[in-house]
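Observations on chain architecture
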Amino acid sequence: MSDGLLDLAIAATGGQELWNTLRGLKIDISIGGPIWAMKGWPPDKTFDQILTLDTVREHIVFSPFTRPDQRMVFDAATDSVTMQTLDGEPVETLTPARARFKGMLRNTPWDALHLGYFLGYACWNYFTTPFLFTYPDVRAHEIEPWREAGQTWRRLQVRFPSRIATHNPDQVFYFDTFGMQRRMDYITEVNGSTLVGHYTSRYQTFDGLLVATRRRVFRRNPDNSVNLNLPSITLDIHDVEQVRSGDEQAQP
């Protein structure tokens, strides 16, 4: 197997040179799906917001978040989630955040802070991939390919260090012939250790950066097949804006 899959994926997504010029991303996103009713939120709830993420450190802001007068700040380095007013005054903080999920099951309700932790780390990981795989102490290597829907997808096995908050330390990412990510597999440790198959599609280019504008999250079976009938979580991306060094006003 070739050692060049990661290089192919990075080139397809926009290239390392472009990524190195970035300080952050601003993303207009809608997050929906039936799982939120299970987690105690109103049926058919969709979270429409602007998320602003730092592409260097694991830090992200959702605005507004769960109510029109507040925003959420997730920071992995301090293992914290903070609800703030829109002008930055703290309202409530959860820390240490990860430990507060201990004993929770898939149907355990989440308040805004628990929801913020999950969406915070998840979205930061999603929108920094595949460049994230070159960050310090992240290890990626190609494993055997996978056949699905008449296609052959190459796969990267990725191991994340403990300092990166993510679904679980070992994940698998699937790429098509052109190096575009099509699927990722993980275990949601904070949500009852559910097996997940997460599909990405409808790619668009935003100032040279290739982004999947449609993400659908499904239950995965022990044999690695995926139940594609009904997604539990949906993510639809409407716009992506690049934040470059020196643009302090737009940084998270």
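Remember, it's a predicted structure, so these values are computed and weren't measured experimentally. (Residues numbered from 1 in each chain as written. Predicted model: local features only at pLDDT ≥ 70, side-chain atom pairs only at ≥ 80, totals over all residues. Heavy atoms only, no water.)

Topic: the environment of Ser30
By the element assignment, Ser30 lies in strand E1 (residues 22-32). Sequence separation between Ser30 and Ile237 is 207 residues, and the spatial gap between their C-alpha atoms is 6.6 Å. Once residues lying within four places of it in the same chain are set aside, the contact partners of Ser30 are Thr46, Phe47, Asp48, Thr234, Leu235, Asp236 and His238. (Helix = DSSP H or I, 4+ residues; strand = E, 2+ residues; numbered from the N terminus. Contact = heavy atoms within 4.5 Å.)

Quick notes on the pairing of strand E7 (residues 139-148)
Looking along a regular strand, one sees side chains alternate from face to face of the sheet. Here E7 runs beside strand E8 (residues 151-159); their pairing, made up of eight bridges, is antiparallel. Note on E8: the bridge partner recorded for His141 is Gln157. Hairpin connection from E7 to E8: two residues lie between these consecutive antiparallel strands, with Ala149 at a positive phi of about 55°. (Pairing = 2+ DSSP bridges.)

What about the nonpolar core?
Core analysis: the biggest nonpolar cluster contains 66 residues, and Ile31, Trp36, Phe127 and Phe133 have the highest contact counts within it. Here this core takes 12 residues from helix H4 (residues 112-128), the largest share from any one element. Those residues in contact with Trp36 that lie beyond four places of it in its chain are Ile31, Trp41, Lys45, Phe47, Trp110, Leu115, Phe118, Leu119 and Ile233. If you look at the next biggest cluster of nonpolar residues, it comprises seven residues, including Ile143, Trp153, Val172 and Tyr174. (Core = buried A, V, L, I, M, F, W, Y, C linked by side-chain atoms within 4.5 Å. Buried < 20%, exposed > 50% of the residue type's maximum accessible area, 1.4 Å probe, protein only.)

Points about the packing of aromatic side chains
Counted by the stated rule, this structure contains 18 aromatic pairs. An angle of 45° between the planes, with centres 5.4 Å apart, marks the rings of Phe101 and Tyr117 as tilted. One end of the pair, Phe101, is in the loop between strand E6 (90-94) and H4; the other, Tyr117, is in helix H4, with 16 residues separating them in the sequence. Ring geometry for Phe118 versus Tyr121: centroids 5.8 Å apart, planes at 85°, classification edge-to-face. Of this pair, Phe118 and Tyr121 both sit in helix H4, three residues apart, which is roughly one turn of that helix. A residue is classified by how much of its surface remains accessible, and Phe118, at 5% relative accessible area, is buried. Assessed through its relative accessible area of 0%, Tyr121 is described here as buried. (Phe/Tyr/Trp six-rings, centres within 6.5 Å; stacked < 30°, edge-to-face > 60°.)

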